[in-house]
Amino acid sequence: MTAAGTRDFTILLVDDRPENILLLQEILEKGNRKFISASSGNEALKTVLKNPSIGLIMLDVQMPEMDGFEVARMLKSNSKTKDIAIIFVTAINKEEQYVMQGFDEGAVDYLQKPLDINVTRAKVNVFEKLYFYQQELKESLLETEKVNRQLEKFVYMVSHDLKSPLASIITIMSSLRGNLVIESDALTSQKIDLVYMASNHLSEMISSILEYSKKSLAQQTVEEVDVFELVNQIAFLLFPPQHIKIKVSESLPVINTRKIKLQQVFQNLVSNSIKYNDKQQGLIEVAATEKEDFYVFSVKDNGPGMTKQDADKIFKLFETGSNKSSRDSSTGIGLNILKVLVEEQSGQIWVESNPGIGSVFYFEWRK
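Worth saying up front: this structure is predicted, and the values here are computed from it rather than measured.

Asker: Provide a residue-level description of the side chain of Asp60, including the pertinent values.
Answerer: Topologically, Asp60 is positioned in strand β3 (residues 54–60). A distance of 3.2 Å separates polar atoms of two side chains, one belonging to Asp60 and the other to Lys113. Excluding residues within four positions of it along the chain, Asp60 makes contact with Val14, Asp15, Asp16, Gly68, Val89 and Lys113.

Asker: Residues and numbers for the sheet that holds strand β4 (residues 85–90), please.
Answerer: The 5 strands lie next to each other as β2-β1-β3-β4-β5, forming an open sheet whose pairing is parallel. For this open sheet the edge positions go to β2 (33–38) and β5 (109–112), each flanked by a neighbour on one side alone. Neighbour-to-neighbour, the strand axes of the sheet open up by a mean angle of 20°, direction not taken into account. With 4 bridges joining them, β4 and β5 adopt parallel strand pairing. Within the sheet, the bridge partner assigned to Val89 lies in β5 and is Leu111. On top of the sheet, helix α1 (residues 18–28) reaches β1 (9–14), β2 and β3; it is set at about 170° to β2, its chief contact. The strands touched by helix α2 (residues 41–50) within the sheet are β1, β2 and β3, with β2 carrying the most contacts at an inclination of about 140°.

Asker: Explain the packing of α2 against helix α3 (residues 68–76) to me, using residue names and the numbers behind them.
Answerer: The N-to-C vectors of α2 and α3 enclose an angle of 25°; their axes lie 10 Å apart at closest approach. Taken together, the axes of α2 and α3 lie roughly parallel to each other. Judged by the sense of rotation from one axis to the other, the crossing of α2 with α3 is right-handed. In contact with Gly41, Leu45 and Val48 of α2, α3 contributes Val71, Met74 and Leu75. Of the residues belonging to the contact of α2 with α3, the class tally is 5 nonpolar, 1 polar and no charged.

Asker: Kindly report on the nonpolar core, identifying the contributing residues and their values.
Answerer: By size, the foremost hydrophobic cluster in this structure holds 36 residues, and its most contacted members are Phe266 and Phe363. Among the elements of the structure, α8 (227–237), β7 (244–248), α9 (259–275), β9 (282–291), β10 (294–301), α12 (334–344), β11 (349–354) and β12 (358–366) are those that each provide at least two residues to this core. Apart from the residues lying within four places of it in its own chain, the contact partners of Phe266 are Val227, Leu230, Val231, Ile234, Val286, Phe297, Val299 and Phe363. Leu12, Val14, Val48 and Ile54 belong to the second-largest nonpolar core, a separate cluster that totals 20 residues.

Asker: Just give me the short version of α3, but keep the residues and values in it.
Answerer: Listing the buried residues of α3 in full gives Gly68, Phe69, Val71, Ala72 and Leu75. Taken down its axis, α3 places every buried residue within 160° of arc, on the same side. Of the residues that open α3, the one with a side-chain oxygen 3.2 Å from the backbone nitrogen of Phe69 is Asp67.

Asker: Go over the environment of Lys30 with me, naming the residues and quoting the values.
Answerer: Here Lys30 lies in the loop between α1 and β2. Relative accessible area serves as the criterion here: at 39%, Lys30 is assigned to the partly exposed category. Each C-alpha atom, one on Lys30 and one on Phe9, is 9.5 Å from the other, the two residues being 21 residues apart in sequence. If we skip the residues at most four places from it in the chain, Lys30 touches Asn125 and Glu128.

Asker: How would you sum up the packing of aromatic side chains? Please name residues and give values.
Answerer: Pairs of aromatic rings are described using the distance from one ring centre to the other and the angle between the two planes. If you walk through the whole model with that rule in mind, you get 12 aromatic pairs. Summarising the aromatic geometry, the rings of Tyr295 and Phe297 are spaced 6.1 Å apart at their centres and angled 35° between planes, so their arrangement reads as tilted. Assessed through its relative accessible area of 14%, Tyr295 is described here as buried. For Phe297, a relative accessible area of 0% gives the class buried. Following the ring pairs from residue to residue traces out a cluster consisting of Phe266, Tyr295, Phe297, Phe363 and Trp365.

Asker: Describe the packing of α8 against α9, naming the residues involved and giving the relevant values.
Answerer: Their axes nearest at 10 Å, the elements α8 and α9 cross at an angle of 50°. When the axis of α8 is compared with that of α9, the two are oblique. In this structure, α8 crosses over α9, and the sense of that crossing is right-handed. For the pair α8 and α9, contact is made by Val227, Leu230, Val231 and Ile234 and by Lys259, Leu262, Gln263, Phe266 and Gln267, respectively. A per-class count over the contact of α8 with α9 returns 6 nonpolar, 2 polar and 1 charged.

Asker: Requested: an account of the environment of Lys245, with residues and values cited.
Answerer: For Lys245, the location among the structural elements is in strand β7. Among the residues examined, Lys245 registers a relative accessible area of 52% and is labelled exposed. Residues Lys245 and Ile284 lie 39 residues apart in sequence; the distance between their C-alpha atoms is 6.3 Å. Residues in contact with Lys245, not counting those within four places in the same chain, are Gly282, Leu283 and Ile284.

Asker: Account for the sheet that holds β12, with residues named and values stated.
Answerer: Strands in a sheet are paired, the pairing made by backbone hydrogen bonds, and the direction either parallel or antiparallel. What the 5 strands build is an open sheet, ordered β7-β9-β10-β12-β11; its pairing is mixed. The two strands at the open ends of the sheet, each matched to only one other strand, are β7 and β11. Sheet twist, expressed as the average angle between the axes of neighbouring strands with direction ignored, equals 15°. Across 6 bridges, the pairing between β11 and β12 is antiparallel. Bridging across to β12, Trp350 finds its partner in Tyr362. Strands in contact with α8 are β7, β9 and β10; relative to β7, the strand with the most contacts, it is inclined by about 170°. Packed on one face of the sheet, α9 meets β7, β9, β10 and β12 and runs near 180° to β12.

Basis of the calculations
Residues numbered from 1 in each chain as written. Predicted model: local features only at pLDDT ≥ 70, side-chain atom pairs only at ≥ 80, totals over all residues. Heavy atoms only, no water. Helix = DSSP H or I, 4+ residues; strand = E, 2+ residues; numbered from the N terminus. Polar contact = N/O pair within 3.5 Å; in protein donor to acceptor, adjacent residues only side chain to side chain. Contact = heavy atoms within 4.5 Å. Pairing = 2+ DSSP bridges. Axes fitted to C-alpha atoms, helices over the stretch in contact; angles between N-to-C directions. Parallel < 35°, antiparallel > 145°, perpendicular 65-115°, else oblique. Left-handed = near helix turned anticlockwise from the far one by under 90°. Nonpolar A, V, L, I, M, F, W, Y, C, P; charged D, E, K, R; others polar. Core = buried A, V, L, I, M, F, W, Y, C linked by side-chain atoms within 4.5 Å. Buried < 20%, exposed > 50% of the residue type's maximum accessible area, 1.4 Å probe, protein only. Arc of directions from axis to C-beta. Phe/Tyr/Trp six-rings, centres within 6.5 Å; stacked < 30°, edge-to-face > 60°.

Following this line, the structure appears as structure tokens:
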């Protein structure tokens, strides 16, 4: 870094004539720029390997022993240096054969000697901006990977900690089911059976999540999933209040996918639709359409809806809506996890909503 908020941009100038290097440096001089020079191809290769911060190489084509084309070829063949931008600086006439050879070897642009000062500055300015965009993208990806690892660890810890109390609940429910006095009360017996069944299902889900959290994406099992059956099972086990009706389209497909991940997306969306519904007669509808390589699933509700401002931010980590019930009960993690799961499929997730009328959450899932 140089001045506050200004990032360094390092340029390697490669030419066998010192006066050309001095001229280039004088043309390109700028507060945040650092210059490194090399007088031969061999020296340039060694310099690049020693300086991983180089953002641009200004490379003379005509040099003794190793010309610029050969230097570029070697840089592009090395995984550590292949992404560095190269501008050829050449006195060779811009005949097509030379231009094409340069691009074949990995050049991104040409500058013709004698140099036009304004053109040279303009081109380098463009490559400086591109370099910083790439750096910001890399930093963003690293931060995303870090957050994903933290979320995976969080899910594993929570799932693991739920196993013990859930096992106790199952044991108690099993004992109650065997109690003849309780069984004489048909309604109570039915409710205990439901809790027992739901607890066992939840235990299986937690075991599956724990197993998935130990595996890489490549190791996770792909299986045939009847989405209609999956969503109906989720809807039943969420025990929606009597005033909320869940309609599941019979046209939902059967697909080969990682079941746990699709289940997580549907369970979160349907659960939220139940949790935040504010109508006397609540309605949730689950449907699907086809779009090229994806199914587009939708979860529609007639709940409180949300503003466009909320719709734009709810998939961001730790962001919650401005709705009071959402602020009071949401961590801002769930929908971000769904976004990660959907993007693993190269799909997108979004919401269309009208305040007071309801919302429709859409997500794409690869066929």
